[in-house]
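Analysis of the macromolecular model
This is what each chain is made of:
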Amino acid sequence: MVNASASYSFWRENDTIIAYIYEPPPPGVEPINPVVKTGDPMFIINATVRNDYPPENSRVCNDVFTNESYSYVSLDANVFCENGTEIPSVNTDARKGMIGYVFKLGVNKTRTVEIPLATESRDIAYYEIYVHYAWSNPR
């Protein structure tokens, strides 16, 4: 982690089921997964991360066509109020069927990513970003 910052915003997409399915269910059918509605409050974390794994490390894969070394990384975050109680939130990037925000990060490269959390709370005192996993294709 190089640095991070956060801001409040609103969901600007159409009503979205947070799962593999992108469309709302038919009328009268309750969704099994959380739904974020247009205009719902969001807490957005922008995190700048760097991949310091050396190319010979098992968490790094190498593209034989481009000779690029990289890892797949999944970031997620929890948000907390002043007394340390975790505030319920939904990582809206999970709508892609993954846990957390998944991205490709080259060796010795830096990248800024956005972790979008749907939450009603506007009194977030702090947040904790964590690596859900760092993965590479087997060699």
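Just so it is clear, the structure is predicted and the values come from calculations on it, not from any experiment.

**Some thoughts on the overall build of the chain**
Regarding its fold elements, the chain presents 0 helices and 11 strands. The order of α-helices and β-strands along the chain, N terminus first, is β-β-β-β-β-β-β-β-β-β-β. In the chain, buried positions account for 37% of the 139 residues. Partitioning the contacts of the chain with sequence separation of at least 6, the portion at a separation of at least 24 is 79%. Roughly 8500 Å² of accessible area belongs to the chain as shown, and the carbon and sulfur atoms make up 53% of that amount.

**As for the sheet that holds strand β1 (residues 3–10)**
One key point about sheets: their strands pair by backbone hydrogen bonds, in either a parallel or an antiparallel sense. Taken in spatial order, the 4 strands of this open sheet run β1-β4-β10-β8, and their pairing is antiparallel. The sheet is open, and its two edges are formed by β1 and β8 (90–91), each paired on a single side. Direction of pairing for β1 relative to strand β4 (residues 41–50): antiparallel, over a ladder of 8 bridges. Directly across from S5, in β4, lies its bridge partner N46.

**Looking at the pattern of salt bridges**
Applying the stated criterion across every chain yields a total of 1 salt bridge. The salt bridge partner of R50 is D52, with a shortest N-O separation of 3.0 Å.

**A look at the environment of Y8**
Note on placement: Y8 falls in strand β1. One polar contact links the side chain of Y8 to the main-chain carbonyl oxygen of R122, over a distance of 3.3 Å. For Y8, the side chain forms a polar contact with the main-chain nitrogen of I124, separated by 3.2 Å.

**Some details on the confidence of the model for the chain**
This prediction gives the chain a mean pLDDT of 81; 77% of its residues lie at or above 70. By mean pLDDT, the top-scoring element of the chain is β1 (96), and the lowest-scoring one is strand β5 (residues 61–62) (71).

**Section: the packing of aromatic side chains**
A complete count under the given rule lists 4 aromatic pairs for this structure. An aromatic cluster is built from Y8, F43 and Y127, whose rings are joined through pairwise contacts. Over the aromatic face of Y70 sits the side chain of K104, whose NZ or CZ is 4.3 Å from the ring centroid. One cation-aromatic arrangement involves R122 over F10; the distance from NZ or CZ to the ring centre is 5.3 Å.

**Remarks on the nonpolar core**
Side chains that are nonpolar tend, in soluble globular proteins, to be buried together. Counting residues in each nonpolar core, the largest one holds 17 residues, and the members touching the most others are L75, F103 and L117. Within the residue set of this core, elements represented by two or more residues are β4, β6 (69–80), β9 (101–106) and β10 (110–118). If we skip the residues at most four places from it in the chain, L117 touches P41, M42, F43, I45, D76, A77, V79, S89, V90 and N91. Counting residues in each nonpolar core, the second largest holds 6 residues, with W11, I18, V36 and M42 among its members.

Definitions and limits used
Residues numbered from 1 in each chain as written. Predicted model: local features only at pLDDT ≥ 70, side-chain atom pairs only at ≥ 80, totals over all residues. Heavy atoms only, no water. Helix = DSSP H or I, 4+ residues; strand = E, 2+ residues; numbered from the N terminus. Buried < 20%, exposed > 50% of the residue type's maximum accessible area, 1.4 Å probe, protein only. Contact = heavy atoms within 4.5 Å. Areas by Shrake-Rupley, 256 points an atom, 1.4 Å probe, with all protein chains shown as cover. Pairing = 2+ DSSP bridges. Salt bridge = Lys/Arg side-chain N within 4 Å of Asp/Glu carboxyl O. Polar contact = N/O pair within 3.5 Å; in protein donor to acceptor, adjacent residues only side chain to side chain. pLDDT = per-residue confidence, 0-100. Phe/Tyr/Trp six-rings, centres within 6.5 Å; stacked < 30°, edge-to-face > 60°. Lys NZ or Arg CZ within 6 Å of the ring centre and 35° of its normal. Core = buried A, V, L, I, M, F, W, Y, C linked by side-chain atoms within 4.5 Å.

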